[in-house]
Amino acid sequence: CFDIELDYYVRVNFATFTEGINALGGVDVEMNSKELTYFKQAWGFEGQVGINHLDGKHALRFARLREIDSDWKRIERQRKVIAAAINKVKNKSFSELDALLDTCTKLVRTNVTEDLMNKILLSVIPGLTNVKIQQMTIPVKGTYGSQKVMGDRSAFAPDFEENTRLLHNMIYGLDN
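Reading the values: rules and limits
- Residues numbered from 1 in each chain as written.
- Predicted model: local features only at pLDDT ≥ 70, side-chain atom pairs only at ≥ 80, totals over all residues.
- Heavy atoms only, no water.
- Helix = DSSP H or I, 4+ residues; strand = E, 2+ residues; numbered from the N terminus.
- Buried < 20%, exposed > 50% of the residue type's maximum accessible area, 1.4 Å probe, protein only.
- Areas by Shrake-Rupley, 256 points an atom, 1.4 Å probe, with all protein chains shown as cover.
- Lys, Arg positive; Asp, Glu negative; His and termini not counted.
- Charge placed at Lys NZ, Arg CZ, Asp CG, Glu CD.
- Patch = residues over 30% accessible without salt bridge, like charges linked within 9 Å, V, L, I, M, F, W, Y side chains within 5 Å.
- Salt bridge = Lys/Arg side-chain N within 4 Å of Asp/Glu carboxyl O.
- Contact = heavy atoms within 4.5 Å.

Quick question: what am I supposed to make of the overall build of the protein here?
What the protein contains, in helices and strands, is seven helices and six strands. Overall, the protein is about 55 × 45 × 30 Å in size when its C-alpha atoms are taken along their principal axes. Here the protein, with 176 residues, has 27% of them falling under the buried criterion. Just so you have it, the protein exposes about 11700 Å², and 53% of that area is on carbon and sulfur atoms. The average position of the 23 basic charges and that of the 23 acidic charges among the side chains of the protein differ by 6 Å.

This is the structure in C-alpha cells:
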C-alpha cells in the first residue's frame, strides 16, 4: 500500500513481547490518572500517576488498553512502551546487548541471519546512545475520511498517495 520494499522482518507476538520486556528488566512508562485507575480496578495494580515500572505482562496490558478512551490513545500507549524499551536498550553495555540479543532472537521469528544481526549490532553500538526515535501513525491526521463497508460498519478511507508521500518523507527524507 505504501510502496516500501522490506528485505528483512522480525515478527513478535504477545508472548514474545512480554518475554522481551521482561528480558530488559521491565520498562518505565508514564501513566495518567485514567490509565492508573483502570489498572488498579482491572488488575489490582499498585502504582501512582506518573512514571511506573511495568513488567512484561503489565507493559502488554498497557500497550493494548483501549477500554478507557480510543484506538488512537492505545496507539500512543504502544509507542510509549516501545520508546521506553528502546531507551532502556540505549544504556546497555556491549556484553549486555549481546546477551539480550541472544535471549530475544529465540523469542522472535525473523529472516535476519545471526551473522547479519551481529554486524548490525557492532555497527550500531557506537552511536546507540544518540539514536533518536521517530514515529508516525498511518493514516496521518487529516489524510483520511470515512466509509461504510460490509455490514454497514465504519472504516477509514485513507488518501494512500498522500500517506505514502508522508511516510517516504519520514523514512527516507524525500518529499517525492
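Explain a nonpolar patch on the surface here, please?
Residues Ile4, Leu6, Ile171, Tyr172 and Leu174 make up a contiguous nonpolar surface patch of about 480 Å² in total accessible area. Mapped onto the elements of the fold, tyrosine 172 is located in helix 7 (residues 160–172).

Would you mind showing me how to read the side chain of lysine 90 here?
With respect to the helices and strands, the residue lysine 90 is situated in helix 4 (residues 71–90). Nearest to the buried, unbridged lysine 90 among oppositely charged side chains is aspartate 28, at 14 Å. The contact partners of lysine 90, leaving out residues within four places of it in the chain, are Leu128, Thr129 and Val131.

Teacher, can you tell me more about the pattern of salt bridges here?
A side chain of one charge can pair with a side chain of the opposite charge if their charged atoms are brought near each other. By the definition in use, this model includes seven salt bridges. Note that lysine 73 and glutamate 76 form a salt bridge whose closest N and O atoms lie 3.6 Å from each other. One end of the pair is lysine 73 and the other is glutamate 76, both in helix 4 and three residues apart, which spans about a single turn. For glutamate 76, a relative accessible area of 40% translates into the label partly exposed. The partner of aspartate 115 in a salt bridge is lysine 119, and the shortest N-O contact between them spans 3.5 Å. Taken together, the residues span about one helical turn, with aspartate 115 and lysine 119 both in helix 6 (residues 114–124) at a distance of four residues. Judged by relative accessible area, aspartate 115 falls into the partly exposed class, the value being 48%. Three or more residues joined by partner-sharing salt bridges are found here, namely Glu35, Asp69 and Arg77.

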